[in-house]
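# Fold and contact review
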Amino acid sequence: NGQTTIAVINALIVLSISSAVVYAWRRQDTARSGIVLALVTTAGCIAVSLLYARHGLLWSYVAFTTNFLLAQWRWALLFNAGLMFAIALHPGIFGQGIERAVFVVTALLVSTCAFLFAFHTANQRRQLVALALQDALTGARNRRALEGDLQLAVETHRRSATPCGLAIIDLDHFKQVNDRFGHEVGDRVLIEFAGVARTACRKRDRIYRLGGEEFVMLLPNTDGDGLRTALEKMRTAVAASLRDPDGHPVTVSAGAAPLRGEAYWTGG
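Read on for a plain summary of the structure.

### Examining the environment of Leu-227
Positionally, Leu-227 belongs in helix H9 (residues 224-241). Put simply, Leu-227 and Ser-16 are 211 residues apart on the chain and 51 Å apart in space, counted from C-alpha to C-alpha. With residues near it in sequence (within four places) discarded, Leu-227 still touches Gly-165, Leu-166, Leu-219, Thr-222, Ala-256, Ala-257 and Pro-258.

Structure follows, in structure tokens:
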């Protein structure tokens, strides 16, 4: 149609979106790419609206919606507010005040619905991730979470030489508890142990269920002496708090070691 300016703007938008997608694919960084995409679509919509008035009006609703899907809600609110004011204050788009008011109301309505959808989707995703990394019985983190956290601990130690300790904990004679009192009682003991261990740990320490009655503790910023102190505190708390149905204390055995420079983690 001979509208060269719009063609150039559209080409820049497509080029920017393609670049952001390629960056996200290669770097696995969707957060920054999402902000860039939201910024590009918002700026493009404002540019078209300022240059060609109503041409950008309908595209604005697409931007109001997708901004919440591409970027964090704070960024999306900022972009949507800028886009709404840029169009609402443009003297050449709306002939009457009622048209401007209708646009503002519908823009707010679309933005609110998009925000609620994105918020609930993000919340459900966080819940699913938490469930995927949590042991269903004890509430401790599971083996999948342990593998990811171990890899991160090793990488952090290699970059900054930050000390880190690892302990493997086993409940003593746990099979006898299951054999004498049943698996329901055994499950209760495991649940109570996980609760006592979390209470005895520092907030930054993490406990994982490796399988059966075996647990793992990952203690960041902890050297050999700190490991001994932490495990003794945990052992004392378990012996003082846990009892089987006969009243005998439940005890644990543990082996631990600090992370050393030559250590590595391959997963699996």
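Let us keep going from here.
### What about the sheet that holds strand E2 (residues 206-211)?
Pairing in this open sheet of four strands is antiparallel, and the strands run E2-E3-E1-E4 from one edge to the other. At either end of the open sheet lies a strand with only one pairing partner, and these are E2 and strand E4 (252-258). Strand after strand, the sheet turns through a mean of 20° between neighbouring axes, direction not considered. As defined by bridge partners, strand E1 (residues 164-171) adjoins strand E3 (residues 214-220) across seven bridges and the pair is classed as antiparallel. Considered in E3, the bridge of Ala-167 is made with Met-217. Across the sheet, H9 lies against E1, E3 and E4, angled at about 165° from E4, the strand it touches most.

### What about helix H4 (residues 73-88)?
The end-to-end C-alpha distance of H4, which contains 16 residues, comes to 22 Å, matching closely the 22 Å that a straight helix rising 1.5 Å per residue would cover. The set of residues buried in H4 consists of Ala-76, Phe-79, Asn-80, Leu-83, Met-84, Ile-87 and Ala-88. Projected down its long axis, H4 carries its buried residues within an arc of 150°, all on one side. Residues of H4 that are exposed and point over 90 degrees away from its buried face: Arg-74 and Leu-78. In this structure, the buried side of H4 is in contact with helix H2 (30-52), helix H3 (57-70) and helix H5 (97-132).

### Regarding the packing of H4 against H5
Direction vectors running N to C along H4 and H5 enclose 170°, while the axes themselves pass 11 Å from each other. By the angle class used here, H4 and H5 are roughly antiparallel. Note that H4 runs across H5; the crossing there is right-handed. The segment H4 lies against H5, with Trp-73, Asn-80, Met-84, Ile-87 and Ala-88 engaging Arg-100, Phe-103, Val-104, Ala-107, Leu-108, Ser-111 and Phe-115.

### A closer look at the environment of Leu-150
Tracing the backbone through its elements, the reader meets Leu-150 in helix H6 (residues 143-160). Assessed through its relative accessible area of 12%, Leu-150 is described here as buried. Through-space distance from the C-alpha of Leu-150 to that of Leu-137 is 22 Å; in sequence the pair is 13 residues apart.

### Quick look at the packing of aromatic side chains
In total, this model carries nine aromatic pairs according to the counting rule given. Where Phe-94 meets Phe-103, the ring centres are 5.5 Å apart and the plane angle is 40°; that geometry is what we call tilted. Taken as a pair, Phe-94 and Phe-103 share a single burial class, namely buried. Site record: aromatic cluster; members linked through ring pairs are Tyr-61, Phe-64, Phe-94 and Phe-103.

### Some words on unusual backbone geometry
The residue Ala-161 is not glycine, and still its phi comes out positive at about 60°. Checked against the element boundaries, Ala-161 lands in the loop between H6 and E1. Look at Ala-161 and you get exposed, because its relative accessible area is 54%.

Scoring rules and cut-offs
Residues numbered from 1 in each chain as written. Predicted model: local features only at pLDDT ≥ 70, side-chain atom pairs only at ≥ 80, totals over all residues. Heavy atoms only, no water. Helix = DSSP H or I, 4+ residues; strand = E, 2+ residues; numbered from the N terminus. Contact = heavy atoms within 4.5 Å. Pairing = 2+ DSSP bridges. Axes fitted to C-alpha atoms, helices over the stretch in contact; angles between N-to-C directions. Expected span 1.5 Å × (residues − 1). Buried < 20%, exposed > 50% of the residue type's maximum accessible area, 1.4 Å probe, protein only. Arc of directions from axis to C-beta. Parallel < 35°, antiparallel > 145°, perpendicular 65-115°, else oblique. Left-handed = near helix turned anticlockwise from the far one by under 90°. Phe/Tyr/Trp six-rings, centres within 6.5 Å; stacked < 30°, edge-to-face > 60°.

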